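Read off the chains here:
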Amino acid sequence: VLQTVIDYSLDIDRWNLECEFNNTDHRTNLNGIDRLIVRRGQPFSISLYLRSGSYQPGVSSLDCVAETGPQPSEQYGTRASFGLSASIDTSRWSAAVASPPGDMVALLICSAPDAPIGRYTLTLGHSARIEFILLFNPWCPGDAVYMDNEQNLAEYVLAQDGIIFRGAYKHPIPTPWNFGQFESGILDVCLKILDMNPKYLRNPGKDCSGRRNPIYVSRVLSAMVNCNDDKGVLWGKWSGGYEGGVSPMLWRGSVEILRNWDTQACQPVRYGQCWVFAAVACSISRALGIPCRVVTNYLSAHDTNSNLVIERYVNENGEPIQSKEMIWNYHCWVENWMTRPDLKPDFHGWQAYDPTPQEKSEGVFCCGPIPVRAIKEGELTFKYDAPFVFAEVNADVITFIKKKDGSTSKVSSNALVGQKISTKSVGSDAREDITHLYKYPEGSAEEREAFKKADHQNKLLQQQQDQGLHLNIKVTSDMRKGCDFDVFAVVTNNTQSEKKCRLLFGSCALSYNGFMGGNCGFKDLLNVELSPGGERKVPLRLNYSKYGGQVTEDNLIRLAALLLDYTTGDTTLAVRNIVLDNPEIKVRVSSKICDKIQTSGILGEPKENRKLNCCFSIEGANLTGGGIITERLGSPVGPGEDAKVKIYFTPTHSGLRKLVVDFDSNKLCHVKGYRNVIIGK
């Protein structure tokens, strides 16, 4: 008996990926609408045009296979086979038809909310083979990166520009940055970074499987943004010149860095420092769909031996002796938003990870991700790298004076760690202080409990002593680069007896990561007399003629006062880092559609009365095509004069944009400014 086998599978002739509709619906249209880019756990539609026959509900069939990576496997979750269902199931790979019977089929496809991200091939039946890119979906409740606040999503996923805080904890300085995650080609570079990581090169199947997990992806990015162990993006450099590359101070955004890495055969881009590493990591995370923000920790401790203590040494003049353990004036890292099913409940949310190469973790220069709450609660056994991050915000600081005979003695010091932990506010350029997310209030019972859990014995044993002599450093509000100004050491005698002391008051250039430079001014008073309850204010003049050739592009000067009590032999140290102000940049918009801007920078009042060559550089997401517009002034500019330039450009998208303006005046000063502008049609 012969049986006829009827094939009810759809006979597909051609198809339309409906890229404009799908990309807009999935909030990926800023990447372009020339190819299909969708987010996981959310349906997208494809129009299928049949060669023969028509779609019949309950009768027609279609075999679908979605694959990612070079070794797709159902075991690894990088291959999924599924057919037509009556309706879409957003919890797994599924397909359903949304059109009535006919020769055109509106096919809905939905990926699993935990599917690996990356490039996919989707095979439909025997003849249709399409390609698309799948990203994390923070709008999907089933995705591990789900965030349920639209304002936060607009800030931490969709915003292409932002603010990174630098300067000093008593003088935070906002630095504009163009993340540019939707600029042309950037998403491809981000996927290439994942494909160049050593784990992929060793076992691509397992690595692609790991890309379902934002914890895994964040850890890979932490290693790949620096180049210490791999073909990573950035080469870090914190001392010496920047020959053969670009000073970290000169970068205005991530786009040029990522494109340079891509076009230079994955050779590291020279050079980066912490805020550059963090900003590039933020761009990549947002491009892949993970909510991300850059965080600045002022007075950030670098603990090399995991004992939660920073030991500092000074000589008998109060000058610092360089060591591996130090306190950075500030340090930047990033936070990614995700769940942590691998940990105890209640540790979901922001996870800190750090792409700046400082210490190795599991044999690789990477750090995190670690729940921010784990740092606050002192949970140092949680993955990953909790002790290092805990020390950055909580380490104790002990200072010793090292004498000429080699002996050392402990010095009373007011050193602080982990101050004004900052990030950009949602929807504005204001600074949001998030210290409370990392630390309990100082001296609180909760803080002591966290220290007990972390076995932070130094902090627990530390007792406040009512010192008889009090020493601190005060400054004026007007400390501009190019000017002379005074700083002050203030000594107060809180005892009932007269005091005779020696005061050494010095200053030196400082880089933001704690490395000391040349002397900027020094004073040694051998006989400082103080009556009971008395106070002495000692000035130190900082002359531009001396500090101008010493300070780095960080504009930082370290002030240190060392007080020796002749009666008791006790030594007290006060340290304060100051940041010199650069001139202000003003940006004016000349038309409603913003095709021309005028920007100016006042050079300031340097003691050297000479004219300098100046240059303006401007960059903006979807304004300058991911490139940089540079305009040199036709004639040199003198002290106190306005430097002005007009620049024309063609916006590619409407909406709110941030123009990042860079003003460079022949190394006297280098400053960034910005302005938010509305681009209309």
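Description of the structure in this document. None of the values given here were measured: they were computed from a predicted structure.

When helices and strands are counted, the protein chain shows 14 helices and 40 strands. Counting the 681 residues in the protein chain, one finds 54% classified as buried. Restricting to contacts in the protein chain with at least 6 residues of sequence separation, those with at least 24 account for 66%. With the model as given, the accessible surface of the protein chain reaches about 28,800 Å², and the carbon-plus-sulfur share is 47%.

Val 255, Ile 257, Leu 258 and Trp 261 are the residues of helix α7 (residues 255-263) that are buried. Buried residues along α7 sit in contact with β12 (171-178), α3 (186-195), β13 (234-236), β14 (269-272), α8 (274-288) and β36 (615-619). Immediately beyond the C-terminal end of α7, within one or two residues, lies Ala 265, with a positive phi of roughly 55 degrees.

Moving on: the sheet that holds strand β5 (residues 79-82). In a beta sheet, neighbouring strands are held together by backbone hydrogen bonds and run either parallel or antiparallel to one another. Taken in spatial order, the five strands line up as β2-β10-β9-β4-β5 in an open sheet, and their pairing is mixed. Two strands in the sheet have a free side with no partner beyond their single neighbour: β2 (37-39) and β5. Going across the sheet, the axis of each strand differs from the next one's by a mean of 30 degrees, ignoring polarity. Summarising the sheet, β2 and strand β10 (residues 128-135) pair through three bridges and their orientation is parallel. Bridge assignment links Ile 37 to a residue of β10, and that residue is Ile 133.

Time to look at the pairing of β5. Consecutive side chains along a regular strand alternate between the two faces of the sheet. The two faces of β5 differ: Ala 80 and Phe 82 on one face are buried, but Arg 79 and Ser 81 on the other face are not. As paired strands, strand β4 (residues 64-68) and β5 are joined by four bridges and run antiparallel to one another. Across the sheet, residue Val 65 finds its bridge partner in β5, namely Ser 81.

Rules behind the numbers
Residues numbered from 1 in each chain as written. Predicted model: local features only at pLDDT ≥ 70, side-chain atom pairs only at ≥ 80, totals over all residues. Heavy atoms only, no water. Helix = DSSP H or I, 4+ residues; strand = E, 2+ residues; numbered from the N terminus. Buried < 20%, exposed > 50% of the residue type's maximum accessible area, 1.4 Å probe, protein only. Contact = heavy atoms within 4.5 Å. Areas by Shrake-Rupley, 256 points an atom, 1.4 Å probe, with all protein chains shown as cover. Pairing = 2+ DSSP bridges. Axes fitted to C-alpha atoms, helices over the stretch in contact; angles between N-to-C directions.

All quantities given are derived from atomic positions and should not be read as evidence of function.
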